[in-house]
Amino acid sequence: MKKRAQRQRLVRILAVVLAVLLVGITVMSVLVSAFAEEAVLARDSYELSIEYMKDEQALQITQRLVYHNRTDAALDRVVFYAAGNMFRRESALMYESDVIESVFPDGYAPAGIDLRAVRCNGEDADWGYQGSQEMNLRVACALQPGESCVFEFDFYLLLSRSCAMIGEYDTDVRLSAFCFIPALIFDGEFISYSPLQFTRWVSTNAADYSVTLSIPDQYLPAATGRETLISTENHLSTWQIQAENVREFALSFGRRYREASAQTESGVTIRTLSNDRSGAAHALSYAARIIDLYEGWLGPFPLDQIDLVQTDYPVDALNFPGAIWIPNAMWGDGDALEKALRFCLAQQYIGLAAYAEPVADAWLSDVPCAYLSLLAKEELEGYSAFLTALNDQVLDALNLTIPGGLYITAPANLFSAEEYAIIVRDRGTVVMHEMRVAMGRENWIAGLRAFYETGRKADLLGEYDFVNAFDSVTGGDWEDFITEWLFNVDDYVSQQLDFYE
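Residues numbered from 1 in each chain as written. Predicted model: local features only at pLDDT ≥ 70, side-chain atom pairs only at ≥ 80, totals over all residues. Heavy atoms only, no water.

### A look at the overall build of the protein chain
Now for step 1: A tally of regular secondary structure across the protein chain gives 10 helices and 23 strands.
Now for step 2: In terms of overall dimensions, the protein chain is globule-like: its C-alpha atoms have a radius of gyration of 26 Å, near the 23 Å expected for 501 residues.
Now for step 3: With an accessible surface of roughly 22300 Å², the protein chain has 50% of that area assigned to carbon and sulfur atoms.
Now for step 4: The centroid of the 37 positive side-chain charges in the protein chain is displaced by 12 Å from the centroid of its 71 negative side-chain charges. (Helix = DSSP H or I, 4+ residues; strand = E, 2+ residues; numbered from the N terminus. Rg over C-alpha atoms; globule rule 2.2 N^0.38 Å. Areas by Shrake-Rupley, 256 points an atom, 1.4 Å probe, with all protein chains shown as cover. Lys, Arg positive; Asp, Glu negative; His and termini not counted. Charge placed at Lys NZ, Arg CZ, Asp CG, Glu CD.)

Dropping the structure here:
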């Protein structure tokens, strides 16, 4: 009995020891997972202080960037976009000849970045521009895989009097890609693209932004993120802007704005900054309807606020996370305004929240969103209105010969603006319609939702994600069908088509 009691006591002790070990292993596992998750989720972070100097037609900017080396290689430099320098030379402008006069109504005048200091981890850095146009900045550093450093830039941004993506004119001051933005790394090389007028082009990591903006108190800002008025003193207003987990940050401000806002049924705030009262009222009500519709199809809107901003930018609506710049002319044109809102609100889901590489795979965002825009019109106005809009968009493109070597999935920087519209957007929309006809409207919408949900979980959407999304919801195999249409769409449609459906 005594030996049996001793054995039982020993078993209990061993059980306690094992329990303690298991608890310890579990705790360590949780800690390791937490650290691993923190490492995966670590984002670059920007702190920007911006002062608008109206009389000098310039901005004084200090930028602090915490940058993480996410590669498996040591870095001896980081290459940054410096898009503001395109305005130094007329030859560097991204705008094509047919729109130059509308972008520079008063004629071209040089502007750009006056860089005063660059620091890495508090020390003066070795830096220099790359290329004759000076739109890429190389900054030396020493970063092992997984390490981080702090880059600081002090500079003036000289603004042209223009309607460009960076500049000021009668309605607003526009700032997009205006600070130093680190390029992505592919196969050990930094890949940065020259600016494009017809699609998004900045490729960089997701980041958090904290921006302090000082402007005259008669101006109102609109930006990626939420704008909060901090103080007003001596006719100057100080605003704080916070944005999290975004790859692009844009900011504009104007002194002729009237501000209005509304909320969707789900609580998304829609904010308009416009001097066109009837256009703003229509934009608010229409955007609310479209967001409600897209939420039913794709799930909750990815942001809690979206700013719709009247802008002098003349080419087309420009889309950023949480902010859509809508050209002056569209506010008085109901059809153009509605079309821009349908497309840009779709892109807030696919292309911005779920990230598709904006140059190498521009079609993965622009084409599905263009077709989703048409489906929204069908939902609100009926199938006849849908067919009319579809033909208005694609019929001319189907009756033109594609230049050799250009196809829907080609990188955007291979195209002119006209070629991109015809080949990528319009013929790509034909491919989406053929998919819809083959698999059914509801399956197409469900597939797009699966594509979006994949993008919310992944860092970068790719072509296989697109195919797999439709396979997953239909149980079919769509790769051959989609590939054939993407690369041979002109083989399937007779030239001089009178009507397409």
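### What about helix H10 (residues 479-492)?
Now for step 1: Remark: the principal bend of H10, roughly 65°, maps to Leu 486.
Now for step 2: Three or more residues of H10 are buried, namely Ile 482, Trp 485, Leu 486 and Val 489.
Now for step 3: Buried residues belonging to H10 abut helix H5 (363-381), helix H7 (417-439) and helix H9 (463-474). (Bend = angle between axes of the 7 residues up to and from the residue. Buried < 20%, exposed > 50% of the residue type's maximum accessible area, 1.4 Å probe, protein only. Contact = heavy atoms within 4.5 Å.)

### A short note on the nonpolar core
Now for step 1: Phe 151, Met 165 and Trp 444 are the most contacted members of the largest nonpolar core, which totals 167 residues.
Now for step 2: Once you skip the residues sitting within four places of it in the chain, Trp 444 turns out to touch Pro 368, Tyr 371, Leu 372, Leu 375, Met 432, Met 435, Arg 436, Met 439 and Phe 470. (Core = buried A, V, L, I, M, F, W, Y, C linked by side-chain atoms within 4.5 Å.)

### A few points about a negative patch on the surface
Now for step 1: Residues Asp 477, Glu 479, Asp 480, Glu 484, Asp 490 and Asp 491 make up a contiguous surface patch of negative charge.
Now for step 2: Tracing the sequence through the fold places Asp 490 in helix H10. (Patch = residues over 30% accessible without salt bridge, like charges linked within 9 Å, V, L, I, M, F, W, Y side chains within 5 Å. Salt bridge = Lys/Arg side-chain N within 4 Å of Asp/Glu carboxyl O.)

### Some details on the side chain of Ser 237
Now for step 1: By secondary structure assignment, the location of Ser 237 is in strand S17 (residues 236-246).
Now for step 2: Within the structure, the side chain of Ser 237 is placed 3.4 Å from the side chain of Thr 232, a separation counted as a polar contact.
Now for step 3: Discounting residues that sit within four places of it in the chain, Ser 237 has contacts with Leu 213, Ser 214, Ile 215, Pro 216, Asp 217, Leu 229, Ser 231 and Thr 232. (Polar contact = N/O pair within 3.5 Å; in protein donor to acceptor, adjacent residues only side chain to side chain.)

### Details of the environment of Arg 226
Now for step 1: Following the sequence through the fold, Arg 226 ends up in strand S16 (residues 226-233).
Now for step 2: Since its relative accessible area comes to 38%, Arg 226 is described here as partly exposed.
Now for step 3: Each C-alpha atom of the pair Arg 226 and Cys 163 lies 25 Å from the other, and the pair is 63 residues apart in sequence.
Now for step 4: Not counting residues up to four positions away in its chain, the partners in contact with Arg 226 are Gln 240, Ile 241, Gln 242, Thr 269, Asp 304 and Gln 305.
Now for step 5: Within the structure, Arg 226 has its side chain in polar contact with the side chain of Gln 305 (distance 2.6 Å).

### Notes on the sheet that holds strand S14 (residues 207-216)
Now for step 1: One open sheet holds the 8 strands; their spatial order is S5-S4-S8-S2-S1-S14-S17-S16, and the pairing between them is mixed. The open sheet has two edge strands with one neighbour each: strand S5 (123-124) and S16. (Pairing = 2+ DSSP bridges.)

### Digging into the pairing of strand S15 (residues 220-223)
Within a regular strand, the side chains alternate between the two sheet faces.
Now for step 1: Of the two faces of S15, the one carrying Leu 220 and Ala 222 and the one carrying Pro 221 and Ala 223 are both buried.
Now for step 2: Direction of pairing for S15 relative to strand S18 (residues 250-254): antiparallel, over a ladder of 4 bridges. The residue bridging Ala 223 from the neighbouring strand is Leu 251, located in S18.

### Quick notes on helix H4 (residues 334-349)
Now for step 1: The end-to-end C-alpha separation of H4 is 23 Å, in line with the 22 Å expected for 16 residues at 1.5 Å each.
Now for step 2: Turning to H4, its buried residues number three or more, namely Leu 337, Glu 338, Ala 340, Leu 341, Arg 342, Cys 344, Leu 345, Ala 346, Gln 347, Gln 348 and Tyr 349.
Now for step 3: Contacts made by the buried residues of H4 are with helix H3 (277-298), strand S21 (305-311), strand S22 (318-320), strand S23 (323-327), H5 and helix H8 (441-457).
Now for step 4: Count one or two residues on from H4 and you reach Gly 351, which has phi positive near 120°. (Expected span 1.5 Å × (residues − 1).)

### Overview of the pattern of salt bridges
Two side chains bearing opposite charge may form a pair once their charged atoms approach each other closely.
Now for step 1: Considering all chains together, one arrives at 28 salt bridges under this definition.
Now for step 2: The closest approach of N and O atoms between Arg 174 and Asp 172, which form a salt bridge, is 3.0 Å.
Now for step 3: Taking the relative accessible area as the measure of exposure, Asp 172 reaches 2% and is therefore buried.
Now for step 4: Between Arg 441 and Glu 442 there is a salt bridge whose closest N-O contact spans 2.9 Å.
Now for step 5: By relative accessible area, which is 17% here, Arg 441 ends up buried.
Now for step 6: Its relative accessible area of 52% is what places Glu 442 among the exposed residues.

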